[in-house]
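# Geometric and topological summary
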Amino acid sequence: LSTFGAVGMWGVVVIFPNLQAEFAATRAEVSFSYTTTMLGFGVGSIVLGRLIDTRGAFLTMVLATLLIAGGYAGAAFAPSLTVFALLQAVIGIGAGAAFIPLVADTSHWFAKRRALAMAICACGNYIGGAAWPKITEVVAHQYDWRTTYLVVAVVCFVGMLPACLVLRPRSP
């Protein structure tokens, strides 16, 4: 989940040149979308962190999956850079849940080797940081950035939703 969710932080920078060309924007204007992504990440870490504490990982990660996949799908149809930046914030909120709250929640699952479990969970974000920019670049090179965003939306939805099922509540 953490690896899929990391696309929210690491995928957008690859398409900056495409956004500049399509929206006739400067690099600074396009970079605002990364700012909104990271602001969303901060909000998501706090708000969805609270949700994971009160309602559990299943509901939180399903919501994060919908935010990430829906944000990417919506951003693919963004008519302006402003709408794109707002949807990047939505993606950031979902991505926030896939890192800090998920690692914190993992700490409750283990009595022995807790640090190892948390480290493995945290590594998902860094694996995503290594993989997603390259994946995004390859797809964007073959297609346009809008198609790339739709592909990412589908991949995240199909990859994350089944993983959320592992987190579903079970009877005691």
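Structure report, in brief. Worth saying up front: this structure is predicted, and the values here are computed from it rather than measured. (Residues numbered from 1 in each chain as written. Predicted model: local features only at pLDDT ≥ 70, side-chain atom pairs only at ≥ 80, totals over all residues. Heavy atoms only, no water.)

Let us look at the layout of surface pockets. Empty space within the largest pocket amounts to approximately 190 Å³. Every residue along the wall of the largest pocket is listed here: L1, S2, T3, L102, T106, W109, C121, G124, A163, V166 and L167. Within the residue set of the lining of the largest pocket, elements represented by two or more residues are α1 (2-5), α7 (100-106) and α8 (114-142). In terms of residue class, the lining of the largest pocket is built from 7 nonpolar, 4 polar and no charged. (1 Å grid on protein atoms, 1.4 Å probe; cavity = no way out; pocket = protein on both sides within 12 Å on 5 of 7 lines; lining within 4 Å. Points joined across faces, edges and corners; volume = space filled by probe spheres on them. Helix = DSSP H or I, 4+ residues; strand = E, 2+ residues; numbered from the N terminus. Nonpolar A, V, L, I, M, F, W, Y, C, P; charged D, E, K, R; others polar.)

This next bit is on the pattern of salt bridges. Within the structure shown, the criterion is met by 2 salt bridges. The salt bridge partner of R146 is E22, with a shortest N-O separation of 2.4 Å. Linking R146 in helix α9 (residues 145-165) with E22 in helix α3 (residues 16-23), this pair joins segments that are 124 residues apart in sequence. Take R146: its relative accessible area is 18%, and that puts it in the buried class. According to the relative accessible area criterion, E22 is partly exposed, its value standing at 40%. Put simply, E137 and K134 hold a salt bridge, and the shortest N to O gap is 3.1 Å. With E137 and K134 both in helix α8 and 3 residues apart, the pair spans about one turn of that helix. (Salt bridge = Lys/Arg side-chain N within 4 Å of Asp/Glu carboxyl O. Buried < 20%, exposed > 50% of the residue type's maximum accessible area, 1.4 Å probe, protein only.)

What follows covers the nonpolar core. By size, the foremost hydrophobic cluster in this structure holds 43 residues, and its most contacted members are I15, L19, M61, Y72, F84 and Y149. Listed by contribution, the elements that provide at least two residues to this core are α2 (7-10), α3, α4 (27-55), α5 (57-75), α6 (81-97), α7, α8 and α9. Beyond its immediate stretch of four places on either side in the chain, F84 contacts V12, I15, L19, S33, A75, A78, W145 and Y149. (Core = buried A, V, L, I, M, F, W, Y, C linked by side-chain atoms within 4.5 Å. Contact = heavy atoms within 4.5 Å.)

Before going further, it helps to examine empty space enclosed by the protein. Empty space among the atoms can be located by rolling a probe the size of a water molecule over them. One pass over the full model with this rule turns up 1 cavity of 30 Å³ or more. When its volume is computed, the largest cavity comes out at roughly 30 Å³. Forming the boundary of the largest cavity are S2, G5, A6, M9, F41, A95, A98, F99 and N125.

Every α-helix winds through 3.6 residues per turn, so residues three or four apart in the chain are directed the same way. When the terminal C-alpha atoms of α6 are compared, their 25 Å separation across 17 residues agrees well with the 24 Å that a helix rising 1.5 Å per residue should span. Taken as a whole, α6 has its buried residues at L81, F84, A85, Q88, A89, I91, G92, G94, A95, G96 and A97. (Expected span 1.5 Å × (residues − 1).)

As a further point, take a nonpolar patch on the surface. A cluster of nonpolar side chains, namely L66, V154, F157 and V158, defines an oily patch on the protein surface of about 360 Å² accessible area. With 3 residues, the single largest contributor to the nonpolar patch is α9. Tracing the backbone shows L66 in helix α5. On the accessibility criterion, L66 (46% relative accessible area) is partly exposed. (Patch = residues over 30% accessible without salt bridge, like charges linked within 9 Å, V, L, I, M, F, W, Y side chains within 5 Å. Areas by Shrake-Rupley, 256 points an atom, 1.4 Å probe, with all protein chains shown as cover.)

We now examine α4. With 29 residues, α4 extends 40 Å between its outermost C-alpha atoms, agreeing within 8% with the 42 Å of an ideal straight helix rising 1.5 Å per residue. The largest bend in α4 comes to about 25°, at G44. Along α4, the residues classified as buried are V30, S33, T36, T37, G40, F41, G44, S45, L48, G49 and I52. Among the structural elements, α2, α3, α5, α6 and α7 are those in contact with the buried residues of α4. Note on α4: the residue one or two positions beyond its end, G56, has a positive phi of about 100°. (Bend = angle between axes of the 7 residues up to and from the residue.)

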